[in-house]
Number of protein chains: 2
Amino acid sequence: MDEVTFVILGATGDLTARKIIPAIYHLVERKKIQNFVIVGAARKKKKISTILNASKKFVKKGKDSVWNKLEKHASYVQLDFYNEDHYQNLQDELHRLEHKFKLPGKRIFYLATLSNHFETITHNLKKYDDKKHTKSWPRVVYEKPFGHDLKSAKVLNRHISRLFHQDHIYRIDHYLGKESVENISIVRFTNRVLEPIWNAKHIESVQIIMNESIGIEGRGSFYDKYGAIKDVVQNHMLQLLALVAMEPPKRLFGKYMQDAKVAILKRTYVESVLLGQYNGYTREPGVKKGSKTETFATLKLSLHTKRWKGVPFFFKTGKFLKSKETRIDVKFKEVKCLMLNNCPTDTNFLTIRIQPNEGITLDVHSKVPGEKSKITTVPLDFSQQSVTAPETPEAYETLLGDVIEGNQSTFVRHDEIEASWKITDAIRKGKVYHYRRGSNGPLQLQKWSKRHKIQWRA
Amino acid sequence: MDEVTFVILGATGDLTARKIIPAIYHLVERKKIQNFVIVGAARKKKKISTILNASKKFVKKGKDSVWNKLEKHASYVQLDFYNEDHYQNLQDELHRLEHKFKLPGKRIFYLATLSNHFETITHNLKKYDDKKHTKSWPRVVYEKPFGHDLKSAKVLNRHISRLFHQDHIYRIDHYLGKESVENISIVRFTNRVLEPIWNAKHIESVQIIMNESIGIEGRGSFYDKYGAIKDVVQNHMLQLLALVAMEPPKRLFGKYMQDAKVAILKRTYVESVLLGQYNGYTREPGVKKGSKTETFATLKLSLHTKRWKGVPFFFKTGKFLKSKETRIDVKFKEVKCLMLNNCPTDTNFLTIRIQPNEGITLDVHSKVPGEKSKITTVPLDFSQQSVTAPETPEAYETLLGDVIEGNQSTFVRHDEIEASWKITDAIRKGKVYHYRRGSNGPLQLQKWSKRHKIQWRA
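Keep in mind it's a predicted model, so treat the numbers as computed, not measured. (Residues numbered from 1 in each chain as written. Chains lettered and ligands numbered in written order. Predicted model: local features only at pLDDT ≥ 70, side-chain atom pairs only at ≥ 80, totals over all residues. Heavy atoms only, no water.)

Draft legend 1. The arrangement of the overall build of chain A in detail. Counting secondary structure elements, chain A contains twelve helices and 15 strands. Reported as C-alpha extents along the three principal axes, the dimensions of chain A are approximately 80 × 50 × 40 Å. Among the 458 residues that make up chain A, the fraction classed as buried is 60%. Taking contacts inside chain A between residues at least 6 apart in sequence as the whole, the part at least 24 apart equals 77%. Here chain A has roughly 19900 Å² of accessible surface; of this, 49% comes from carbon and sulfur atoms. (Helix = DSSP H or I, 4+ residues; strand = E, 2+ residues; numbered from the N terminus. Buried < 20%, exposed > 50% of the residue type's maximum accessible area, 1.4 Å probe, protein only. Contact = heavy atoms within 4.5 Å. Areas by Shrake-Rupley, 256 points an atom, 1.4 Å probe, with all protein chains shown as cover.)

Draft legend 2. A look at the relation of the copies chain B and chain A. Rotating chain B by 180° and translating it 0.0 Å along the rotation axis places it on chain A, where the RMSD comes to 0.0 Å. Such a combination of turn and shift is consistent with a two-fold rotation axis. Identified as the residue of chain B closest to the rotation axis by C-alpha distance is L380 of chain B, at 2.3 Å. Most of the interface of chain B is mirrored in chain A: 100% of its interface residues are interface residues there too. (Least-squares fit on C-alpha atoms with pLDDT ≥ 70 in both.)

Draft legend 3. Inspection of the environment of K46 of chain A at higher detail. Residues and elements named next belong to chain A. Looking at where K46 falls in the secondary structure, it is placed in the loop between β2 (33–42) and α2 (48–55). Residue classification places K46 among the partly exposed positions, given a relative accessible area of 33%. Leave out the neighbours within four places in its chain, and K46 touches T12, I51 and Y76.

Draft legend 4. Expanded view of the state of the cysteines. All names here are of chain A. Tallying each qualifying case throughout the model produces two disulfides over all chains. Through a disulfide, C337 is tied to C343; the S-S separation comes to 1.9 Å. On the sign convention where negative is left-handed, the bridge of C337 and C343, at about -90° about the S-S bond, is left-handed. Take C337: its relative accessible area is 22%, and that puts it in the partly exposed class. (Disulfide = S-S within 2.5 Å.)

Draft legend 5. Fine view of unusual backbone geometry. With an omega dihedral of -5°, the bond running from W137 of chain A to P138 of chain A counts as a cis peptide bond. Tracing the sequence through the fold places P138 of chain A in the loop between α5 (118–128) and β5 (139–142). With an omega dihedral of -10°, the bond running from Q355 of chain B to P356 of chain B counts as a cis peptide bond. By the secondary structure assignment, P356 of chain B is in the loop between β12 (349–355) and β13 (359–367). In this structure, K61 of chain A takes a positive phi of about 50° despite not being glycine. We classify K61 of chain A as exposed; its relative accessible area is 79%. Although it is not a glycine, K102 of chain A adopts a positive phi angle of roughly 55°. Here K102 of chain A lies in the loop between α4 (84–100) and β4 (107–111).

Draft legend 6. The interface of chain B and chain A, seen in detail. At the junction of the two partners, chain B supplies 57 residues and chain A supplies 57 residues. Roughly 5000 Å² is buried in total at the junction of chain B and chain A, and carbon and sulfur atoms are behind 64% of that figure. The interface formed by chain B and chain A includes two salt bridges. As a salt-bridge pair, K367 of chain A and E179 of chain B come within 2.6 Å of each other at their nearest N and O atoms. The interface formed by chain B and chain A contains 26 residue pairs in polar contact (both at pLDDT 80 or more). For the side of chain B that touches chain A, the secondary structure elements donating two or more residues are α7 (179–189), β13, β14 (375–383) and α10 (395–405) of chain B. Among the residues making up the side of chain B that touches chain A, the classes are represented as 29 nonpolar, 14 polar and 14 charged. (Buried area = accessible area lost by both parts, 1.4 Å probe. Salt bridge = Lys/Arg side-chain N within 4 Å of Asp/Glu carboxyl O. Polar contact = N/O pair within 3.5 Å; in protein donor to acceptor, adjacent residues only side chain to side chain. Nonpolar A, V, L, I, M, F, W, Y, C, P; charged D, E, K, R; others polar.)

Draft legend 7. Structural context of the side chain of K316 of chain A. With respect to the helices and strands, K316 of chain A occurs in strand β10 (residues 313–318). This buried residue, K316 of chain A, is left without a salt bridge; E325 of chain A holds the nearest opposite charge, at 7.2 Å. (Lys, Arg positive; Asp, Glu negative; His and termini not counted.)

Draft legend 8. Region of the structure containing the sheet that holds β5 of chain A. All names here are of chain A. Ordered in space as β3-β2-β1-β4-β5-β6, the six strands form an open sheet in which the pairing is parallel. One side of each edge strand has no neighbouring strand; the edge strands of this open sheet are β3 (74–78) and β6 (169–171). Going from strand to strand, the sheet's axes swing by 20° on average, the running direction of each strand aside. Note that β5 and β6 share three bridges and pair parallel. Among the inter-strand pairings, Y142 is bridged to a residue of β6, identified as R171. Across the sheet, α2 touches β2 and β3, and the angle it forms with β3 is around 115°. Sitting on the sheet, helix α3 (residues 64–72) is in contact with β2 and β3, with an inclination near 60° to β2. (Pairing = 2+ DSSP bridges. Axes fitted to C-alpha atoms, helices over the stretch in contact; angles between N-to-C directions.)

Draft legend 9. Representation of the pattern of salt bridges in the model. Scanning all chains against the criterion turns up 48 salt bridges over all chains. Overlapping salt bridges, with partners in common, bring together E325, R327, D329, D363 and R457 of chain A in one network.

Draft legend 10. Region of interest: the side chain of T113 of chain A. With respect to the helices and strands, the residue T113 of chain A is situated in the loop between β4 and α5. In contact with T113 of chain A, not counting residues within four places along its chain, are L9, G10, F81, F118 and I121 of chain A.

Draft legend 11. Main features of a positive patch on the surface. Residue and element names in this part refer to chain A. Where like charges cluster on the molecular surface, the positive patch consists of K154, R158, R162, K266 and K422. Sorting elements by how many residues they give to the positive patch places helix α6 (residues 150–163) first, with three residues. Counting through the fold element by element, R162 comes out in helix α6. For R162, a relative accessible area of 63% gives the class exposed. (Patch = residues over 30% accessible without salt bridge, like charges linked within 9 Å, V, L, I, M, F, W, Y side chains within 5 Å. Charge placed at Lys NZ, Arg CZ, Asp CG, Glu CD.)

Draft legend 12. Inspection of the packing of aromatic side chains at higher detail. Summed over the entire model, instances satisfying the criterion amount to 30 aromatic pairs over all chains. Taking 6.4 Å as the distance between ring centres and 70° as the angle between the ring planes, the aromatic pair formed by Y223 of chain A and Y281 of chain A counts as edge-to-face. You can see Y223 of chain A sitting in helix α8 (residues 220–245) and its partner Y281 of chain A sitting in the loop between β8 (268–278) and β9 (296–303), a full 58 residues away along the chain. Judged by its relative accessible area of 1%, Y223 of chain A falls in the buried class. A relative accessible area of 0% places Y281 of chain A in the buried class. Both rings, one in F314 of chain B and one in W448 of chain B, keep their centres 6.2 Å apart while their planes meet at 85°; by these two values the pair is edge-to-face. A residue pair is termed long-range when its members are at least 10 positions apart, and F314 of chain B in strand β10 (residues 313–318) and W448 of chain B in helix α12 (residues 444–451) qualify at 134 residues. The buried category is assigned to F314 of chain B, whose relative accessible area is 1%. Taken together through their ring pairs, the aromatic side chains of Y223, Y278, Y281, F296, F320 and Y435 of chain A make up a single cluster. Positioned above the aromatic ring of F146 of chain A, the side-chain terminus of R171 of chain A is 5.1 Å from the ring centre. Between the NZ or CZ atom of K178 of chain A and the centre of the ring of Y175 of chain A, over which it lies, the distance is 5.1 Å. (Phe/Tyr/Trp six-rings, centres within 6.5 Å; stacked < 30°, edge-to-face > 60°. Lys NZ or Arg CZ within 6 Å of the ring centre and 35° of its normal.)

Draft legend 13. Geometry of the packing of helix α7 (residues 179–189) of chain A against α8 of chain A. All names here are of chain A. α8 packs onto α7 with a crossing angle of 15° between their chain directions and a minimal axis gap of 9 Å. One element, α7, and the other, α8, form an angle in the roughly parallel class. Judged by the twist between their axes, the crossing of α7 over α8 is right-handed. Contacts between α7 and α8 involve V181, I184 and R188 from the first element and L240, L243, V244 and A245 from the second. Looking at the contact of α7 with α8 residue by residue, the class counts come to six nonpolar, no polar and one charged. (Parallel < 35°, antiparallel > 145°, perpendicular 65-115°, else oblique. Left-handed = near helix turned anticlockwise from the far one by under 90°.)

Limitation: the analysis is restricted to geometry and does not speak to function.
Here it is in C-alpha cells:
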C-alpha cells in the first residue's frame, strides 16, 4: 500500500470533477492507497470542499466516511500558472501537509490543463519543487491532447525531457486505461487460436469505429481548434490501431509495448480521408463562423509492414451519430467454399467492443438446424459484464494506480506521440461534407466506402 | 414433396417404437412427405395400431390428426425372416396399399434388426420385390451394428452389393443425423478462423468423450457379445474422429465426404487401450457368468498423416459413469508466453458439444478485469438451443429425410465400415478393470492418462 501526495493542476476543471477526484476516491475506498493528501491548484479562488462536492455525483454509491477522509486530507491553493511566486505557495502547502500527515513526499503532479500551459507549469514545478528528486519521483502526468501538431509536440517533449527523466513522465491517453483496451494485447498474444492468423494472409481488413451520439457539449472554443482528427484520431484511434497491429513485443509490459507500438505507428500512412460536419455545428457557442472543422472523419490507412501488406485499416468516428459505440472489427478473409451451394455470404469477424457492453465476439459460420447445408453466422460471445465485479475500475482509476506503481505500459511515450502527430499532420483535408444529426455521417460515405471496397460491419 | 412406401423389418422392436415411427410422424406432420404407407413386418403376431400406440409417448405434443393419418396409412404383415413365402405376403400387401393410395412404389426397406439377419432379409427382399428397380429405388436401410467384426462386415457388404447397387444401400450411424455432428464439417471448413489452424502445428490433442450415466438397460444378451468397443467406438466415435480429422473433401457432400472419411480411417491406429467393467455387470440379465466384456474403454489413437503427425486422439466412453455427455475437445498448443508473469496455465480449447446442450465453445484467454496482467479463461459460447426452433429434427427424422432425398452424405459407405472394423479388430484387449457405478471409470485411468500425457478437459 502506498503513501502519495496528489497535486492537481487545473483543479477547477471538468476533468478533475468527473474523473480525477472519483479515481482517487476509489483508490482510497479500495485501500489501494494507505495515506495521502490531495492538493488542488488553479487560477480561481475556490474551496477544496466545493471541488470535492462537485465530484460526488460522479461516484455511484459513494460513502460519507470516504468523502470525509478525502476532505480531511485535501487542500486548495490558488495558483496562476504564470506567476512563479504561486508555485512557492504550493510548495509551502505541500510541506505543511506532508509533515502533518507524515507523508514521504512521493508527489504526483497531474496537469489537467490545456497543453499550451504544459511548458510553463513543468518549468515551474521543477524549479520550485524542493523535494529531493529520486530515481522515479516526483511523477508528472500530462492530460491529452499533448500538443496540437507534430511541431508543438516535439517542442514540448524536448522541453519537459530536459526537466524530468522519461521515467517521471506519464502522458495520458485514457483509452489505455480501459479494461477492454488493455485486453487487446492479452487476447492477441495469449491465444493459440488467434495469434497464428493475425496477419495479411488471413485478415482482410481492420475497422476501428468510434461513434458518439452527442455533440461537442459546450466545448466549442476548444473543439473548433482541434476537430475529430486531432481530438480522437491522433490519440485514441491510433493507439487502438497500434495495439491491434504491433509486432509481438518482447514482453507485454512497459517499454517493450511502447517500442512495439511506436514501430508500427512509424509505418502507418493515411491513404484517403472523408470529412464531415454536423448541421448546425457553426452555430454552437465558441465555434468560429464559417468554421470548416470536421466533427466526422473516416480514414483509410495502410501499414507498410510484411504482416499487414495489402490489409487496409479503416477508421470512422463522429459526433452526433446514430449510435454511441467504440469497437474494433477484424474482418477475416473468405475460405475456399466447399459447399455444393449456399456458400457463406460473409466472412468471420472478431469484434472487440470497447463500449458499451465491453467484450469480444467471434462470428463464425454454423449450420442452420434442420436445413441441409445451409449456413448461418453465429456469435461466439463473451461479455465482460459476465465476469466483471461491480467494482471494476474505470480508466482513470487504473491509470492513477499505474502512476503510483510506476508502470508506464498504459501511457504514451514521447516517440509514440510524435509518430501519431506525423500521421495526422500528413492528412490533406479537402472538402468537409455536411450531415444530419443522428445519421450515419455524410451521404458521401457510401460512395467513399464503395470506392475503397469497405463493407462496414452491420 | 414425396410419396413413399416405408417397410420396417423388425417392426415390433424397440428402435421402431422409439425412433422410426416418431421420425415418420414428424415427416408427415411437417408435410415433408405428401403421401405414404407404412408397412410393419416382424415375426410376432401384432396389430399395427399397437405398434403406433407404443410410439406415442416418444412424440412430444403429438397431434391426433397426424396419428390418425398414420394409422389409416399403415399396416402390419407377420413375417418370419427365414420363410420365403412370407416375403410374397409382404409383396401382396405392398401392392394392395400402393394401389389403394395411388403410390408410385418408391419403397424404403428399413432393416431394424440384428445384423445376423441382414443377409437373408436382403436376399429375400431382392427376390420377392417385384417392383421394377430403377436407378435409385428401392432403398434399403441397415441399422447398426453392421456386422460384428471386419470379416463379417466384408461378407455382408459383398453379399448385399451383389443384390443392390451402392446407391440403394444406406448404412445407418444415427450420430451422422445429429445436427451437431453434421455441423462439424461446416464449422471446420467454412471458418477462416479455424481452417488454417486445424493441424498438428497448432493442435495438441483431440479428445472424444461419450459418457453414459445409464447401464445396459436390459440389453444384456446383445451387449455382452459386443461391449463398448463394438457398440460405440467402431461406429459413432470413429465417425466423429473421421469428421474431425479428414482432409478437406472436394465438396461437403455425399461421396466426397465418404472418400475423405475412409481415407483418414485407413490411416488410423489404436496405440493403447484401457478397459473397464462396472461392478455388478455380470449379474445383469443376459450377461454370461464371468464375462470379460468391457462397459468402459479409453483409447489412444494415432493418425498417420502429415496433418496429424504427433497429435494423439483420445477416446473415452462408458456405461454408468458420473455424467451423460458426448463431446469433442480440440486442445490447442500453448503460445509463447510474453507475460512478465502469470502465464496462462491452460491452453485454448474448441469444444463441440453433441449432447446435451448442443453447441460450440471456444475457450480463450482474456484479462481479469481490474487486475494487472492476470489472465483468465473465458468461454466464447454458442448454444444451439439459442437458434434452434423447437421443431428441429432429431437424428432419425433427418436420416429418413436423407434416404427419401437420396442423399448419402449422412450414411456410412461399405469401405468406411470395413476400415472402422479393421481399426477395432486390431485392438489387443488385455485386462478389464472394475469400476464403481457413477464414477469416472476405473481407478487405473489416472495412471493411464498420466502415462499418455493426456489432461482431460474438466
